[in-house]
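Geometric and topological summary
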Amino acid sequence: MQPTKLTAICGALLLVEGCAGLSQLQSSMSKFDQGAHQVATSEAAFYANVRTADCTYQNYESIIDSVKQKAPVNLGTSACKPTILTDDEIATRQLLMDAITLYADKIQALATDDSNKSLSDDSQKLAKDLNSEIKGSGVATEVETAVVAISEMALDQRRFKDIKDASSSMEPTLEVVVGALKAENTSFIAGLSSKTDGTEIALRTILADEAKHHTLTSSDVIAAQQVISAMRALGYVPSTPSANDESTTGKPRSAGTGAQRGATIDPAAKLNEALDSLVAANKAIATVGTGGIEASVNDLVARAEAAQAFQAALTK
Amino acid sequence: MATQDAQKQCLLNAVTLLRSAEGLIVQLSRNTTDADVLVQLNTEFSYIDSFISQLLHAQAITDDATFDSATAAIAQQASALQAEESDIKKVVADVATAAKISGYIGQAVSILATL
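The rules behind each value
Within each chain, residue numbers correspond to sequence positions counted from 1 in written order. Each chain takes a letter, starting from A, and each ligand takes a number, starting from 1, following the order in which they are written. Reporting of local features is limited, given that this is a predicted model, to residues whose pLDDT is at least 70; pairs of side-chain atoms are given and counted only at 80 or more, and all residues count toward the totals for whole chains, interfaces and linings. The basis for every side-chain value is the complete set of non-hydrogen atoms in the structure, without hydrogens or water. By the criteria applied, helices consist of DSSP H or I runs no shorter than four residues and strands consist of E runs no shorter than two, each listed in order from the N terminus. Accessibility here uses a 1.4 Å probe with only protein chains present; expressed as a share of the type maximum, an area under 20% marks a residue as buried, one over 50% as exposed, and anything in between as partly exposed. Should any heavy atoms of two residues lie within 4.5 Å, those residues are considered in contact. Here the Shrake-Rupley method, with its probe set to 1.4 Å, supplies the accessible areas, and only the displayed protein chains count as covering residues. Salt-bridge detection follows one rule: a side-chain nitrogen of Lys or Arg within 4 Å of a carboxyl oxygen of Asp or Glu. Cysteine sulfur atoms are paired as a disulfide whenever they come within 2.5 Å of each other. Put simply, buried area is the surface a 1.4 Å probe can reach on two separate parts but cannot reach once they are joined, added for both. Pairs of N or O atoms within 3.5 Å make up the polar contacts considered here, provided that, within protein, one atom can donate a hydrogen while the other can accept it, and that residues adjacent in sequence are counted only when both atoms are side-chain atoms. Here the nonpolar core consists of buried residues drawn from Ala, Val, Leu, Ile, Met, Phe, Trp, Tyr and Cys, with membership extended through side-chain atoms lying within 4.5 Å. Confidence of the predictor in every single residue is expressed as pLDDT, which spans 0 to 100. Every definition here rests on a 1 Å grid over the protein atoms only: cavities are sets of points where a 1.4 Å probe fits but cannot get out, pockets are open sets enclosed by protein on both sides within 12 Å along at least five of seven lines, and lining residues have some atom within 4 Å of a point. Grid points are joined across faces, edges and corners, and a volume is the space filled by probe spheres set on the points. In the scheme used here, Gly and all other residues not listed as nonpolar or charged are polar, with Ala, Val, Leu, Ile, Met, Phe, Trp, Tyr, Cys and Pro taken as nonpolar and Asp, Glu, Lys and Arg as charged. To estimate the expected span of a helix, subtract one from its residue number and multiply by 1.5 Å. This arc describes the spread of directions from the helix axis toward the C-beta atoms.

This next bit is on the overall build of chain A. Helix and strand counts for chain A stand at 9 helices and 0 strands. Taking all 316 residues of chain A together, 44% fall into the buried category. Taking contacts inside chain A between residues at least 6 apart in sequence as the whole, the part at least 24 apart equals 81%. When the accessible area of chain A is evaluated, it comes to approximately 15,100 Å², of which 57% is carbon and sulfur surface.

With that settled, the discussion passes to unusual backbone geometry. At His214(A), a position not held by glycine, the phi torsion is positive, near 60°. Within the secondary structure, His214(A) sits in the loop between helix H5 (163–212) and helix H6 (218–232).

Right, let's talk about the pattern of salt bridges for a bit. Here the structure, examined in full by the defined rule, presents 17 salt bridges over all chains. Taking the shortest distance from any N to any O, the salt bridge between Arg93(A) and Glu184(A) comes out at 2.6 Å. Remark: Glu184(A) occurs in helix H5 and Arg93(A) occurs in helix H2 (residues 87–110); sequence separation between them is 91 residues. You'll find Arg93(A) and Glu184(A) in the same group, each marked buried. Here Glu171(A) makes a salt bridge to Lys283(A), at a shortest N to O gap of 3.6 Å. Of the two residues, Glu171(A) is situated in helix H5 and Lys283(A) in helix H8 (residues 267–287); the sequence distance between them amounts to 112 residues. Each of Glu200(A), Arg204(A), Arg232(A) and Arg30(B) takes part in salt bridges that share partners, so that together they form one network.

Bringing the state of the cysteines into the picture now. Residue and element names in this part refer to chain A. Taken as a whole and assessed by the stated rule, the structure comprises 1 disulfide over all chains. Disulfide partner of cysteine 55: cysteine 80, at an S-S distance of 2.0 Å. Torsion about the S-S bond of the cysteine 55 and cysteine 80 cystine: about -90°, corresponding to left-handed handedness. Note that cysteine 55 is positioned in helix H1 (residues 2–68) and cysteine 80 in the loop between H1 and H2, a separation of 25 residues in sequence. On the basis of relative accessible area, cysteine 80 is assigned to the partly exposed category, the value being 25%.

Between chain A and chain B, the residue contacts involve 48 residues of the former and 38 residues of the latter. Together, the buried faces of chain A and chain B total about 3,400 Å²; carbon and sulfur atoms form 51% of this surface. Between Lys195(A) and Asp49(B) there is a salt bridge whose closest N-O contact spans 3.3 Å. Across the contact surface, chain A and chain B share 12 residue pairs in polar contact (both at pLDDT 80 or more). Element by element, the count of residues in the side of chain A that touches chain B is highest for H5(A), at 19 residues.

So, about the nonpolar core. Residues and elements named next belong to chain A. Counting residues in hydrophobic clusters, the biggest one holds 64 residues, and the most contacted among them are Phe32, Ile100 and Ile107. Elements with a contribution of two residues or more to this core: H1, H2, helix H3 (121–133), helix H4 (141–155), H5, H8 and helix H9 (290–314). It is H2 that provides the largest number of residues to this core, a total of 11 residues. Those residues in contact with phenylalanine 32, other than ones at most four positions away along the chain, are Tyr103, Ala104, Ile107, Leu278, Ala281, Asn282, Ile285, Val297 and Leu300.

Right, let's get into the confidence of the model for chain A. Residue and element names in this part refer to chain A. Mean pLDDT for chain A: 82, with 82% of residues reaching 70 or above. Looking at the elements of chain A, mean pLDDT is at its lowest for helix H7 (residues 246–249), recorded as 37, and at its highest for H8, recorded as 95. Taken together, the stretch residues 241–259 has pLDDT below 50 and engages in 34 contacts with residues farther than four places along the chain or on a different chain.

Moving on, we come to empty space enclosed by the protein. Residues and elements named next belong to chain A. Under the definition given, this model contains 2 cavities of 30 Å³ or more. For the lining of the largest cavity, the secondary-structure elements that each account for two or more residues are H2 and H5. Here the residues of the lining of the largest cavity are counted per class, giving 5 nonpolar, 2 polar and 2 charged.

This part is about H3(A). All names here are of chain A. With 13 residues, H3 should reach 18 Å at 1.5 Å per residue; the first-to-last C-alpha distance of 18 Å fits that figure. Listed as buried for H3 are Ser123, Gln124, Ala127, Leu130 and Asn131. Viewed along the axis of H3, the buried residues span an arc of 120°, placing them on a single side of the element. In H3, the exposed positions that point more than 90 degrees away from the buried face belong to Asp121, Asp122, Lys125 and Lys128. Where the residues of H3 are buried, they touch H2 and H4.

What follows is the structure in structure tokens.
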């Protein structure tokens, strides 16, 4: 009797441990999904900031042009002509982010105990819409192929039964979509920073002109400083260090605030770190055990939250 | 690396160089209170910023045909950027700094000519 009772106890313990492992896995997949959605939201906020900086610079350039040419200042709401990202291009990038969140939703669904691992009706509709909208959107062929593959995976009922199989099969596809987003994040910051530096020079020009005509006031200087601070807060990476080195000009540093050169505020770096951690978490799901998956997903959530908090602070 | 990827890297490399040129112009603007000089620096900077925006916009294009058109246009406009390289030397009094700025622009022109 003893061995049978012992066997039963051991079996029960194994069952409990197995259930605990399954719950931990489901919890990890929930976090994976959460992290993916947070990254997508942060990416969308970043694009909005790129647009804001672009239009802000255009606005100040037009004001400055009016003053320089002694023409009436345009106080109307002129339409901004985006120079970095158009509305269509932002919409296309939203499709890539929809692909990422759909993928994470499906992975989470595959991890459930339910026999029916379908996504919600809304998510299925999103997947079908994504499948049609990405075609002809103008994205590169390999990106279109990747997004189509994700939308089909999201709708699939037969092929993917296991999260390890799914995440392993889809790993290259996910990397294509993430890679496309990452490359642009870095370049867009350069554009933002250029707009901010341009505004600084334009404002210095105005202040110098006022000084020349003895009309410069301290309020004007303060207002100009506030404009530059606000623009830098959207995201700013100074050009190469050698450009800000006083030894380059041989002249003493001009009077001004300590923040004259501008500290680096790089939302692109935070976003790219979060995107990298998304890929890493997916790889962990494909290859390692529950503990390793948990660690990787926790890293994703931490980086996604950091990117989201960063964007929230910038837009205040 | 695919051809478009290599071209996009060229665009990014050119952006980096032009940003370096901009950085020197910004530094010059911080070291003068002469309104006339600042007007000239503002003009030069605006031109370079406009070119950077054009490069970044091309880099963001994903449709192959549209990208090819954009890069062809940029390659043709590289000569105008080369003219900018000469203008800088007339605007910036400090010879060493002017040479650095022109150098960055010249390197960007060389890269864009390979598109």
